[in-house]
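Summary of the model geometry
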There are 2 protein chains.
Amino acid sequence: MKMPTDAQIDEPSWLTLSPRSGETLRAALERTLREAIRAGALREGVRLPSSRVLAESLGVSRGVVRDAYGQLEAQGFLVIRPRVAPVVATVPRPETPRRDSKPVAPVPRYDLTPTTPDVTLFPLNRWLSTAQQVARRASVVALDYGESRGERTLRAALADHLGRTRGVIAEPEQIVIVQGTAQAVDLLVRVLARRGASRVAVEDPSHTTNHKRIRAFGLEVAGQPVDANGIVVAGLDADAVLVTPAHQFPTGSVLSGERRRQLLAWAGESGGVIVEDDYDAEFRYDREPVRALQGIAPEQVVQLGTVSKTLVPALRLGWLVAPPDLVDEVEQTKLLLDIFSPTLDQRTLAEFLTRGHYDRHVRRARSIYRRRRDRLLAALHAHLPELPVEGVAAGVHFLLGLPPGVSDTAIADDANRSRITLTPLSDFRLTTADAGGLVIGYGRLHESSVEAATRALADVIRAHM
Amino acid sequence: MKMPTDAQIDEPSWLTLSPRSGETLRAALERTLREAIRAGALREGVRLPSSRVLAESLGVSRGVVRDAYGQLEAQGFLVIRPRVAPVVATVPRPETPRRDSKPVAPVPRYDLTPTTPDVTLFPLNRWLSTAQQVARRASVVALDYGESRGERTLRAALADHLGRTRGVIAEPEQIVIVQGTAQAVDLLVRVLARRGASRVAVEDPSHTTNHKRIRAFGLEVAGQPVDANGIVVAGLDADAVLVTPAHQFPTGSVLSGERRRQLLAWAGESGGVIVEDDYDAEFRYDREPVRALQGIAPEQVVQLGTVSKTLVPALRLGWLVAPPDLVDEVEQTKLLLDIFSPTLDQRTLAEFLTRGHYDRHVRRARSIYRRRRDRLLAALHAHLPELPVEGVAAGVHFLLGLPPGVSDTAIADDANRSRITLTPLSDFRLTTADAGGLVIGYGRLHESSVEAATRALADVIRAHM
């Protein structure tokens, strides 16, 4: 790594010299620097300016600084070498709040996390070169504050793309660009709460962080059961409902035609809002995915989408298609949340969409995931033939059913101890239910590991049956 | 632009054929496509798959698709050319919600917006090449879901940088990366509200969007007056106070030593939280900036920072330095808001900091802004010698005082009509006050325009005096 030269280092300009009575300038500077190092303002490895530069900025002679630096070196606070900026040494400091945000988990042998794609498939080089082209071509306006609704080019590209691939009916003005589906849900709950909503229904089971997002605004979370036909509409009583019609998470069911009609009828009669998380719609392996609900009832449905599954989560790019009577309030709320989403990534995604890179990548990923899924199902059939696999052929996960009385959390705990990462169905439930299951993702499971992973998993499961 | 070839186009797979009684397949397909085009799901300019591909996906003969396409072409719904995918034509559609999020404003002759830097100074090529290096070197983990607290490399680089340049005392574990200062404020208000806060004090005048962020969670906004010594601490009665000590926005004053001591004493006695928006601290022209308050009382101060002024707003990168007893809750809230901030930009900023690119850019920008400021002050002194310039030599704006009784909003309206963008002080006030003023930014004003801009501005102002 090339080190910055002295001229490139901004001095610690907040340092001021306030000599105590009888204290020399040298002693005052030495004390001040030592206190700053001890307190942790000047941290280990930080480079200080040369004696010339610091002397100038403090208005003292160079000899004063040189002497103070020499004393601090002798005391072990600085490391000084010729022709190089003095560097703060390792100093034991009084009790610092050192805690890591996550305990470091051991690297899993087999990672069956159900919520992530295979990030190694991402065409990183193409993304980077597209970003370069987009940035070099862009006017300087692209570097300034942007529109809260998002970049017009991306909203136009998404309106075309979502219409063509998902049957969504939307003008670019109805689309608001957000930081992934997470921000879309948080934002929408906020808007609904302001409009007087008190109760949001969710699928039970479903992502529990979304339940927290709803409760954070004081709204009640109402769980609706899910069966092989998707969410059960009967008994639905809420101001809004958050659904995953294309591929329910985590059960893997698809909302049936009959249930779609019931859900739309509910929205029409009650005035409730349908929030359609168009989860995994791009990855269906056995047949064409059904049309987005939004395309059937654009006045009653808010559609959410993200590139976290189709490209990578690290981009934090998502969108929200809102009915015309809601979109201005959504935009105003985005302004309060973070003003707007990063511009260059938005423009790069627009280019990815219009040049066909996005479709091409989705097709490639789809065929890879399909192969992995087929292999994994075959291996499970061979090693655990008595356990039913639930969920349609879609996405990057399925549900492995367990016999009644077998604890999915106990199996998941054991699996984690054997460094196999998977999630028990119970983790996603609002209500305790009899039937447990294991939510198994193959997004991160390479084909070459399928056989060994299945054997290891079967060993863990058999010990519980 | 290279058009995608047919094989790269995902078919509109949600289209299904449901022939009505007596309707042929051809007629059904023609009707279905026409309805999709009329409704706006298949939008103008969208390319449809070839007759071969669509026939296959629908399970009909190629002739059926070809005939339907031909009919739609004859009716003006499609444009068909040999060897190219059929394209949806411009079709008048029934009343669409076409509204732009912003009315298009005329391009200003002189842009004196006080809140933005000169984005043309941003070392875009260096940023892009650094991003490439960082991305190519990163492990695939960098593409997956990241830590809500932010990338460890960036938090470590910021702890060093903020300690050295601002005297901030923080472990990397106390730093949470956010989407600009806006998200930091929104997030903090949310945390404070959950902890039972009911009242947040702000400087009067100050950014009004922050007032909205506070009120959005049902908290009261309490304005504290600002004078030449910064916020007035006497009478402060709130659970938290949001301040800009380094360079008050918009008056340009700096919090005096006496007021700093009063504010810290207030926090110590009342247990109130000081939220220090370390606004413009990097750009001080006459002397070294004072140390961040956080470095004096790290247990009582939350420090906020952003690259929106030092680099560019479009990056949406900011940070929040929280006391140890608050940081876990801040991280949990970031998880609810949007899980984490985009990873590659975080890593690029870390590299910018550790390689000295950041300091180098700030120094260069500082000297350019100082020159612009000096020129503009000289021009104002020549053309409007009777109007006082308020605010210390810092940042990218100052306040031009107006005599009592002269309306700053009327002048700003007139200026805008003459395509001079500036903001009246009244726009930032919570309470109406006698003294108006004009908040004038020079971030976007090139030196060559200073003389002409000042003349034009003087003409507008003189008409009101």
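We now turn to the structure provided with this report.

Calculation rules
Residues numbered from 1 in each chain as written. Chains lettered and ligands numbered in written order. Predicted model: local features only at pLDDT ≥ 70, side-chain atom pairs only at ≥ 80, totals over all residues. Heavy atoms only, no water. Helix = DSSP H or I, 4+ residues; strand = E, 2+ residues; numbered from the N terminus. Rg over C-alpha atoms; globule rule 2.2 N^0.38 Å. Buried < 20%, exposed > 50% of the residue type's maximum accessible area, 1.4 Å probe, protein only. Contact = heavy atoms within 4.5 Å. Areas by Shrake-Rupley, 256 points an atom, 1.4 Å probe, with all protein chains shown as cover. Lys, Arg positive; Asp, Glu negative; His and termini not counted. Charge placed at Lys NZ, Arg CZ, Asp CG, Glu CD. Pairing = 2+ DSSP bridges. Salt bridge = Lys/Arg side-chain N within 4 Å of Asp/Glu carboxyl O. Polar contact = N/O pair within 3.5 Å; in protein donor to acceptor, adjacent residues only side chain to side chain. Nonpolar A, V, L, I, M, F, W, Y, C, P; charged D, E, K, R; others polar. 1 Å grid on protein atoms, 1.4 Å probe; cavity = no way out; pocket = protein on both sides within 12 Å on 5 of 7 lines; lining within 4 Å. Points joined across faces, edges and corners; volume = space filled by probe spheres on them. Least-squares fit on C-alpha atoms with pLDDT ≥ 70 in both. Expected span 1.5 Å × (residues − 1).

1. Focus on the overall build of chain A
For chain A, the count of helices and strands is 13 helices and 16 strands. For chain A, whose C-alpha radius of gyration is 29 Å, the value lies well above the compact-globule estimate of 23 Å for 465 residues. If one aligns the C-alpha atoms of chain A with their principal axes, the spans along those axes are about 90 × 55 × 45 Å. Across the 465 residues that make up chain A, the buried fraction comes to 60%. When contacts within chain A are restricted to residue pairs at least 6 apart in sequence, long-range pairs at least 24 apart make up 73% of them. Surface summary for chain A: the accessible area is close to 18000 Å², and the carbon and sulfur share equals 50%. Positive and negative charge centroids in chain A, built from 59 and 56 side chains respectively, lie 7 Å apart.

2. Observations concerning the pairing of strand β4 (residues 175-178) of chain A
Residues and elements named next belong to chain A. Here β4 shows no split at all, with I175 and I177 on one side and V176 and V178 on the other all buried. Pairing geometry for β4 and strand β11 (residues 318-321), over four bridges, is antiparallel. Bridged to V176 within β11 is L320.

3. Quick word on the interface of chain A and chain B
Facing 104 residues of chain A, the contacting portion of chain B comprises 105 residues. Inspection of the region where chain A meets chain B yields eight salt bridges. The closest approach of N and O atoms between R444(B) and D144(A), which form a salt bridge, is 2.3 Å. Between chain A and chain B we count 28 residue pairs in polar contact (both at pLDDT 80 or more) in total. For the side of chain A that touches chain B, the leading source of residues is helix α5 (residues 152-166) of chain A, giving eight residues. Each residue belonging to the side of chain A that touches chain B can be placed in one class, and the counts come to 41 nonpolar, 23 polar and 40 charged.

4. Some thoughts on empty space enclosed by the protein
As enumerated under the stated definition, the model contains six cavities of 30 Å³ or more in all. If you go around the largest cavity, you meet 21 residues; those closest to its centre are W127(A), A131(A), D345(A), A131(B) and D345(B). Those elements that place two or more of their residues in the lining of the largest cavity are α4 (124-137) and α10 (343-354) of chain A together with α4 (124-137) and α10 (343-354) of chain B. Considering every element that reaches the lining of the largest cavity, the biggest residue donor is α4(B), with five residues. Looking at the lining of the largest cavity residue by residue, the class counts come to 15 nonpolar, four polar and two charged.

5. Description of the environment of Q132(A)
Structurally, the position occupied by Q132(A) is in helix α4. By relative accessible area, which is 12% here, Q132(A) ends up buried. Residues Q132(A) and L311(A), spaced 179 residues apart in sequence, show a C-alpha to C-alpha distance of 18 Å. Once residues lying within four places of it in the same chain are set aside, the contact partners of Q132(A) are L128(B) and Q132(B).

6. Brief notes about the relation of the copies chain A and chain B
Two copies of the chain are present, and they differ by a rotation about an axis and a shift along that axis. Superposing chain A onto chain B requires a rotation of 180 degrees together with a translation of 0.0 Å along the rotation axis, leaving an RMSD of 0.1 Å. Read as a symmetry element, the transformation amounts to a two-fold axis. Take the interface residues of chain A: 100% of them recur as interface residues in chain B, which is what a same-surface contact looks like.

7. Notes on helix α13 (residues 450-462) of chain A
All names here are of chain A. For α13, spanning 13 residues, the distance from its first C-alpha to its last is 18 Å, which sits close to the expected 18 Å at 1.5 Å a residue. Residues of α13 that are buried: V450, A453, T454, A456, L457, A458, V460 and I461. Where α13 is buried, its residues meet β3 (110-111), α11 (357-383), β13 (397-401), α12 (408-417), β14 (420-421) and β16 (437-441).

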